[in-house]
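Chains, contacts and geometry: an overview
Listed here are the chains, written in short residue letters.
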Amino acid sequence: MSFEAWTIFALFWVVFVTTPGPNAVNCISNGMSLPFAKAMLGVAAILTQASAFLILSALGVTALIAASETMFFIAKLIGAGFLIWLGVRGWINAARPAPTSERPARHVYLHALAVATINPKSVAGYLAAFSQFVQPGVPIWQQMTVIMPTALIITTLSYTGFTLLGALMGGAALSAVFSTWVRRVMAACFIIYGVLLGTSSTPTARG
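Quick look at the structure, then.

What counts, and where the lines are drawn
Residue numbers restart at each chain and count upward from 1, following the sequence in its written direction. Given that this is a predicted model, residues contribute local features only at a pLDDT of at least 70 and side-chain atom pairs are listed and counted only at 80 or more, while totals for whole chains, interfaces and linings are drawn from all residues. The side-chain quantities take in all heavy atoms of the structure and omit both hydrogens and water. Helix and strand definitions here come from DSSP, where helices need a minimum of 4 consecutive H or I residues and strands a minimum of 2 consecutive E residues; each element is numbered from the N-terminal end. Here, expected helix span is obtained from the residue count minus one, scaled by 1.5 Å. Think of it in three bands: with a 1.4 Å probe and only protein chains considered, a residue is buried below 20% of the maximum accessible area for its type, exposed above 50%, and partly exposed in between. Read the arc as the range of directions from the helix axis to the C-beta atoms. Definition used in this section: a nonpolar core is a set of buried Ala, Val, Leu, Ile, Met, Phe, Trp, Tyr and Cys residues joined via side-chain atoms within 4.5 Å. Contact between two residues is taken to exist if any of their heavy atoms lie within 4.5 Å; hydrogens are not considered. For Phe, Tyr and Trp, where Trp contributes only its six-membered ring, two rings pair if their centres lie within 6.5 Å, and the inter-plane angle classes them as stacked under 30 degrees, edge-to-face over 60, or tilted in between. Exposure above 30% relative accessible area and no salt bridge define the residues that can form patches, which grow by joining like charges within 9 Å and nonpolar side chains of Val, Leu, Ile, Met, Phe, Trp and Tyr within 5 Å. For accessible areas, the Shrake-Rupley method is used with a probe of radius 1.4 Å. Any residue's cover is judged against the shown protein chains and nothing else. Whenever Lys or Arg places a side-chain nitrogen within 4 Å of a carboxyl oxygen from Asp or Glu, that contact is recorded as a salt bridge.

Some thoughts on helix α1 (residues 3-18)
- The end-to-end C-alpha distance of α1 is 22 Å, a good match for the 22 Å that 16 residues give at a rise of 1.5 Å each.
- Taken residue by residue, α1 has Ala5, Phe9, Ala10, Trp13 and Val17 as its buried positions. Within α1, the buried residues cover an arc of 135 degrees as seen down the axis, which keeps them to one side. Exposed and oriented more than 90 degrees from the buried face of α1 are Glu4, Leu11 and Val15.

In structure tokens, the structure reads:
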């Protein structure tokens, strides 16, 4: 991968991971309600999902998933339902004190991993990365030595920033009313993302 191609890919990935979505909302929520170290487990989960999706994209598996309308439709419905359920539950619980010690580290990690994984629209981003930036004449795993570190570093910086934003918002939420409405906005975002996901079309790779 040439330096010019790497620069374009890096800029694409910055836009891809900094555009607010379910992962960003979850990181902000974690930062607001958990100690920062525990909230960072959510970032670790996103990196796990990103690593797996990058490898699967290199193997061509995500292209097969996107090409199967039935498989995508089922995954889309499951993902949409999960996000809407998270939003409704978050709205109901918004007026209650944020749980700071009741969520074990394993739950924080697995919850973030589920949010990151069940969104089939993220497949489009990985397909775009591989259809537009991978060079056909160069061994794929040779290119992955550049693509994966770049993508994972940018992903880490982005979602660490969202988690830090949540921590700062949580520290500023001195009023119980303010805290309740911020959490309700986060919950509403999950519901909106779920509805948008449920009505989305199948992603396709572009040659």
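Looking at the nonpolar core
- Core analysis: the largest hydrophobic core is formed by 24 residues, its most contacted members being Trp13, Cys27, Leu54, Tyr126, Tyr159 and Phe162.
- Among the secondary structure elements, those contributing two or more residues to this core are α1, α2 (22-33), α3 (36-59) and α8 (140-172).
- A per-element tally of this core places α8 first, with 8 residues.
- If sequence neighbours within four positions are ignored, tyrosine 126 has contacts with Trp13, Phe16, Gln49, Ala50, Phe53, Leu54 and Ser57.

A short note on the packing of aromatic side chains
- Following the criterion strictly, the structure yields 4 aromatic pairs and no others.
- Ring centres of phenylalanine 9 and tryptophan 13 lie 5.6 Å apart, and the angle between their planes is 35 degrees; on these two criteria the pair is classed as tilted. Pair noted here: phenylalanine 9 and tryptophan 13 are both in helix α1, with a separation of 4 residues, about one helical turn. There is no split in this pair, since phenylalanine 9 and tryptophan 13 are both buried.
- Members of the aromatic cluster, joined through ring pairs, are Phe9, Phe12 and Trp13.

Some thoughts on a nonpolar patch on the surface
- There is a patch of nonpolar side chains on the surface, built from Phe73, Ile74, Leu77 and Ile78 and spanning about 390 Å² of accessible area.
- The residue isoleucine 78 is located in helix α5 (residues 69-93) in this model.

Shape descriptors only; they carry no functional weight alone.
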